[in-house]
Amino acid sequence: MRKFLVPALILASLALLGCSAAQQRGVAGDAYVSTSRPALAVHVKDMPLVTSGRGTGRLLRPNMAGSVPVTVRTAVFGTNASSPMAIVTHAELPNDLWIWTSVYPRPRSSKLVTEVIGGQPFAAFTYLVPCKNDPYAGLVGDPTQIEREGYRDGDDPAPAYWIARYFALRTNFNHDKIILEYREPAPRGLVSMDSVPFGMADTVREFEDRARKAFTLGLPGPELGPIQSGFPKGVRWQFMSDPYLGDVLYQEPLDRF
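Nothing here was measured: the structure is a model prediction, and the numbers come from that model.

J.: Sorry if this is basic, but what is going on with helix α2 (residues 201-214) here?
T.: In an α-helix, one turn spans 3.6 residues; hence positions three or four apart end up facing the same way. With 14 residues, α2 ought to run about 20 Å at 1.5 Å a step, and its terminal C-alpha atoms sit 20 Å apart, in line with that. Listed as buried for α2 are Val204, Phe207, Glu208, Ala211 and Ala214. One side of α2 holds all its buried residues, which, seen down the axis, span an arc of 115 degrees. Residues of α2 that are exposed and point more than 90 degrees away from the buried face comprise Arg205 and Lys213.

What follows is the structure in structure tokens.
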């Protein structure tokens, strides 16, 4: 019996290694690609790639010692600070005990709605990006800093550089999250999304329409070429945390007792 057991274990191990090797994630051609869980290719309209690769984010848990490491693959597209930029972020939790919870909008953002992109329902909201804790600050330069009423120098949040449309989709049984974000330089005088100044509502609606059309989702194919690996230069990983990635929940193991 034992002589049959060892080859069986070896075959099982090879099968697992084959499954692991088959899954690839990263940039291929001009798209962010995940070959499985989920299988998708995200294209960004009319913007060149600035940087891409894999790093580690940290989710802070006040009631736990330490933090939760998150594998983050990201791709940033854009040209300069006076033009739009777009970001694709794929965040993977470390094990099955953690899941991404419902998407919650940031403080002073617009209300949460559902936007369909490529047939997928994304939770979406619009917010003003606080420059102090933005993981992607400076990657294409920074727009002229607008004045924020009611804030003094040193207050938090800091004045915003960008207006951003944030789309989030939980996948792989809520263990992964796909974040798509479209940004433009923030209009002068816009200080909060929960109280848009009179006469600026059409400007915001047009921005949100452009954001929805900036991304195209499809299935990965061989025409995209090999998937590139590496480290995304310029990302401020100290801010790749809860405010940007979102909330998580720890699930107690069923066989704990």
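Past the structure itself, the notes keep going.
J.: Looking at this structure, I do not really get the packing of aromatic side chains. What am I missing?
T.: To describe a pair of aromatic rings, one takes the distance between the centres and the angle between the planes. All chains considered together, the criterion is met by 10 aromatic pairs. Note on Phe122 and Phe167: the rings are 6.5 Å apart at their centroids and 85 degrees apart in plane angle, and the pair reads as edge-to-face. Placement of the pair is Phe122 in strand β9 (residues 120-130) and Phe167 in strand β10 (residues 160-171), with a sequence separation of 45 residues. The burial state of Phe122 is the same as that of Phe167; both residues are buried. Here Tyr136 and Tyr244 contribute two aromatic rings whose centre-to-centre distance is 5.5 Å and whose plane-to-plane angle is 65 degrees, an arrangement assigned as edge-to-face.

J.: I keep staring at unusual backbone geometry and nothing clicks. Help me out?
T.: In this structure, the amide linkage connecting Arg37 to the following residue, Pro38, adopts the cis form with an omega of 0 degrees. Along the chain, Pro38 falls in the loop between β2 (31-35) and β3 (39-44). Notably, Asn172 is not glycine yet its phi reads approximately 50 degrees, a positive angle. With respect to the element layout, Asn172 can be found in the loop between β10 and β11 (176-185). Positive phi, close to 70 degrees, is recorded for Asn174, a residue that is not glycine.

So, how was this worked out
- Residues numbered from 1 in each chain as written.
- Predicted model: local features only at pLDDT ≥ 70, side-chain atom pairs only at ≥ 80, totals over all residues.
- Heavy atoms only, no water.
- Helix = DSSP H or I, 4+ residues; strand = E, 2+ residues; numbered from the N terminus.
- Expected span 1.5 Å × (residues − 1).
- Buried < 20%, exposed > 50% of the residue type's maximum accessible area, 1.4 Å probe, protein only.
- Arc of directions from axis to C-beta.
- Phe/Tyr/Trp six-rings, centres within 6.5 Å; stacked < 30°, edge-to-face > 60°.

Geometry only, nothing functional implied.
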